[in-house]
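Here is how the chains run, residue by residue.
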Amino acid sequence: MSQQKPQSEQLEFFEIPSPCIGVCESGPRGFCKGCLRSRDERLYWLQVNDATKRQIIAACVRRKRAIIAKARKQQLETQSKKTTSQIGLFENEQRDNE
């Protein structure tokens, strides 16, 4: 019987770069509008290990997807309101008479 060895972590030859894009402004929930990191994630970036940096980047990706999904949903709702609200033929005349 052969025993399987646990897979070791991949060696990192390069430092994981900061996801900062130079738009350093906090949004309403406290995340940076540019890179979507929290204040603590930005503050301790240089002090955390590579595994934590990967987790932070993954969290930023999830946050970005959530923001995009929310924006798309709002856009679709706005479009559906425009298409479902039909202007009546005599609507302007009724307003003029009031």
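Rules used throughout
Residues numbered from 1 in each chain as written. Predicted model: local features only at pLDDT ≥ 70, side-chain atom pairs only at ≥ 80, totals over all residues. Heavy atoms only, no water. Helix = DSSP H or I, 4+ residues; strand = E, 2+ residues; numbered from the N terminus. Buried < 20%, exposed > 50% of the residue type's maximum accessible area, 1.4 Å probe, protein only. Contact = heavy atoms within 4.5 Å. Areas by Shrake-Rupley, 256 points an atom, 1.4 Å probe, with all protein chains shown as cover. Lys, Arg positive; Asp, Glu negative; His and termini not counted. Salt bridge = Lys/Arg side-chain N within 4 Å of Asp/Glu carboxyl O. 1 Å grid on protein atoms, 1.4 Å probe; cavity = no way out; pocket = protein on both sides within 12 Å on 5 of 7 lines; lining within 4 Å. Points joined across faces, edges and corners; volume = space filled by probe spheres on them. Core = buried A, V, L, I, M, F, W, Y, C linked by side-chain atoms within 4.5 Å. Phe/Tyr/Trp six-rings, centres within 6.5 Å; stacked < 30°, edge-to-face > 60°. Lys NZ or Arg CZ within 6 Å of the ring centre and 35° of its normal. pLDDT = per-residue confidence, 0-100.

1. What about the overall build of the protein?
Link 1 in the chain: In terms of helices and strands, the protein carries 3 helices and 0 strands.
Link 2 in the chain: In sequence order, the secondary structure elements of the protein are arranged as α-α-α.
Link 3 in the chain: In the protein, buried positions account for 14% of the 98 residues.
Link 4 in the chain: Put simply, of all contacts in the protein between residues at least 6 apart along the chain, 38% involve residues at least 24 apart.
Link 5 in the chain: When the accessible area of the protein is evaluated, it comes to approximately 9,300 Å², of which 52% is carbon and sulfur surface.

2. Quick word on the side chain of Lys53
Link 1 in the chain: Inspection of the secondary structure assignment puts Lys53 in helix α2 (residues 50-84).
Link 2 in the chain: Despite its burial, Lys53 pairs with no opposite charge, the nearest such side chain being Glu15 at 4.2 Å.
Link 3 in the chain: Here Lys53 is in contact with Glu15, Ile16, Trp45 and Val48, once residues within four sequence places are set aside.

3. Digging into the pattern of salt bridges
Link 1 in the chain: This structure, assessed with the given rule, holds 2 salt bridges.
Link 2 in the chain: Linking Arg63 and Glu41 is a salt bridge whose minimum nitrogen-to-oxygen distance equals 2.9 Å. Of this pair, Arg63 sits in helix α2 while Glu41 is found in helix α1 (residues 39-43), placing the two residues 22 residues apart along the sequence.
Link 3 in the chain: Relative accessible area serves as the criterion here: at 16%, Glu41 is assigned to the buried category.

4. Let's talk about the layout of surface pockets
A probe matching the size of a water molecule, rolled over the atoms, marks out where space remains unfilled.
Link 1 in the chain: The calculated volume of the largest pocket comes to roughly 580 Å³.
Link 2 in the chain: In this structure, the largest pocket is lined by 22 residues; those nearest its centre are Phe31, Leu36, Arg63, Lys64 and Ile67.

5. Structural notes on the nonpolar core
Link 1 in the chain: Counting 5 residues, the largest nonpolar core consists of Ile16, Leu36, Trp45, Ile56 and Cys60.
Link 2 in the chain: Once residues lying within four places of it in the same chain are set aside, the contact partners of Leu36 are Phe31, Glu41, Cys60, Arg63, Lys64 and Ile67.

6. A few points about the packing of aromatic side chains
Link 1 in the chain: Tallied over the entire structure, the rule returns 0 aromatic pairs.
Link 2 in the chain: Above the face of the Trp45 ring, Arg37 is positioned so that its terminal group lies 5.2 Å from the ring centre.

7. Here's the deal with the environment of Gly22
Link 1 in the chain: Its location among the elements puts Gly22 in the segment before α1.
Link 2 in the chain: Judged by its relative accessible area of 58%, Gly22 falls in the exposed class.
Link 3 in the chain: In the structure, Gly22 is positioned 12 residues away from Gly34 in sequence and 6.8 Å away in space, judged by C-alpha atoms.

8. Some details on the confidence of the model for the protein
Link 1 in the chain: Taken residue by residue, the protein gives an average pLDDT of 83. The fraction at 70 or more is 72%.
Link 2 in the chain: At the level of individual helices and strands, the protein shows its lowest average pLDDT in helix α3 (residues 91-97), which scores 54, and its highest in α1, which scores 96.

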